[in-house]
Amino acid sequence: MKNLKLIAAALVIFVASAFTAANSISWKIADGYSIKFESKDPSGAFTKFKGDIVFDEQNLSASKFDVAVDAASINTGNGMKNKKAKGDKFFEVDKYPEIKFVSNTFSKTATGYEVKGTLDMHGVKKEITIPFTFSKNTFTGSFTVNRLDYNVGPEGGLAGHAAKELTIDISVPVTRQ
Amino acid sequence: MKKILLHGIVSGILAAIAGVIYFIIYQNTLGTAFGKIVNIQSIAGSSVLGTMIIASGYALLFKTGKMKFAGWYNVFVSVASFATIIGPISMSLPLTIENPELFTGLVVPMHFFPALSYFTIAPFFNK
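In this text, all values refer to a predicted model and were calculated from it rather than measured experimentally.

Draft legend 1. Examining the packing of aromatic side chains more closely. One pass over the full model with this rule turns up 25 aromatic pairs over all chains. When the centroid spacing of 5.9 Å and the interplanar angle of 50° are considered together, the rings of A:Phe55 and A:Phe106 count as tilted. In this pair, A:Phe55 is assigned in the loop between β4 (49-54) and β5 (64-70) and A:Phe106 in strand β7 (residues 98-108), connecting sequence segments 51 residues apart. An identical accessibility class is assigned to A:Phe55 and A:Phe106; each is buried. For the ring pair B:Tyr22 and B:Phe113, a centre distance of 6.0 Å and an interplane angle of 80° mean the geometry is edge-to-face. Here B:Tyr22 is found in helix α1 (residues 2-30), whereas its partner B:Phe113 is found in helix α6 (residues 113-120), with 91 residues between them in sequence. Overall, the relative accessible area of 23% leaves B:Tyr22 in the partly exposed class. Judged by relative accessible area, which is 16%, B:Phe113 ranks as buried.

Draft legend 2. Representation of the pairing of strand β11 (residues 165-176) of chain A within the structure. Residues and elements named next belong to chain A. Across 3 bridges, the pairing between strand β1 (residues 26-29) and β11 is antiparallel. What sits directly across from Lys28, in β11, is Thr175. Pairing of strand β2 (residues 34-38) with β11 involves 5 bridges; the strand directions are antiparallel. Bridging from a neighbouring strand, Glu38 pairs with Thr167 of β11. When strand β10 (residues 138-146) meets β11, the two strands line up antiparallel, connected through 9 bridges. Within β11, the residue paired with Phe143 across the bridge is Ile168.

Rules behind the numbers
Residues numbered from 1 in each chain as written. Chains lettered and ligands numbered in written order. Predicted model: local features only at pLDDT ≥ 70, side-chain atom pairs only at ≥ 80, totals over all residues. Heavy atoms only, no water. Phe/Tyr/Trp six-rings, centres within 6.5 Å; stacked < 30°, edge-to-face > 60°. Helix = DSSP H or I, 4+ residues; strand = E, 2+ residues; numbered from the N terminus. Buried < 20%, exposed > 50% of the residue type's maximum accessible area, 1.4 Å probe, protein only. Pairing = 2+ DSSP bridges.

This is the structure in structure tokens:
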């Protein structure tokens with residue numbers, strides 16, 4: 001009897017998960033995305049971005065962002081700054097090649113949506129919230145990051161003059177898979 | 001005086017030719033696309049401007065009768081040419097341009113072309 005109950009429970013979970021998967025919408029990242037960061041100094045962008053995006057406005061609980069930025073693709077527009085950013089004082093791209101974000105929960109807000117998840121940067125994982133909108137098959141979001149929270153760059157010294165707080169502006173066009 | 005100005009113009013043209021040749025070779029061998037930042041007109045313009053500034057200094061020395069300081073002026077021109085490389089090194093290019101680290105390799109040598117050209121042909125104008 002106990003076994004029968006376990007089998008029944010497993011079947012319910014299986015059917016429920018299958019139903020959820022059927023309802024979620026997978027999106028493919030299209031060309032033309034931009035992952036920009038802005039501060040007094042530096043400003044720039046990451047040019048390589050990949051990941052899996054599952055998002056359904058009608059079914060937020062089934063939505064999922066699992067995306068990564070290639071840390072070595074940083075471009076500040078200045079070769080010397082790029083080299084410094086990739087080096088051992090900042091992103092250490094040889095050791096931490098990717099900056100990852102994995103979502104936990106989604107919620108609807110007055111202006112759009114909000115995703116809570118884990119930002120894994122430079123070997124430090126932190127929970128963050130990213131407000132975003134989804135319109136015309138494009139995700140647009142903006143949030144701030146304090147680089148010192150992720151041990152990116154020193155606080156003082158010559159290299160420490162780089163802004164601590166950076167605004168990250170994201171625009172990701174997608175196509176339905 | 002006329003000779004000094006002619007020296008400036010001729011060396012400017014030669015520096016411009018050298019700069020344009022270097023620009024074309026650099027772009028083709030490294031596959032860079034810095035055409036939005038540097039182009040033939042800007043190379044030619046800045047080369048002639050550079051040599052004319054150098055020539056103006058000589059003209060000033062000549063007018064004030066202080067040609068004995070020409071050697072020191074040459075040192076100043078070389079140091080000033082070296083100092084100007086801080087411009088391209090610290091410059092931030094538009095984010096649409098790839099491989100900004102290769103930009104300095106293109107522009108820094110060009111900063112020495114006017115002085116190099118001016119000094120190279122100087123014996124022809126000092127007769």
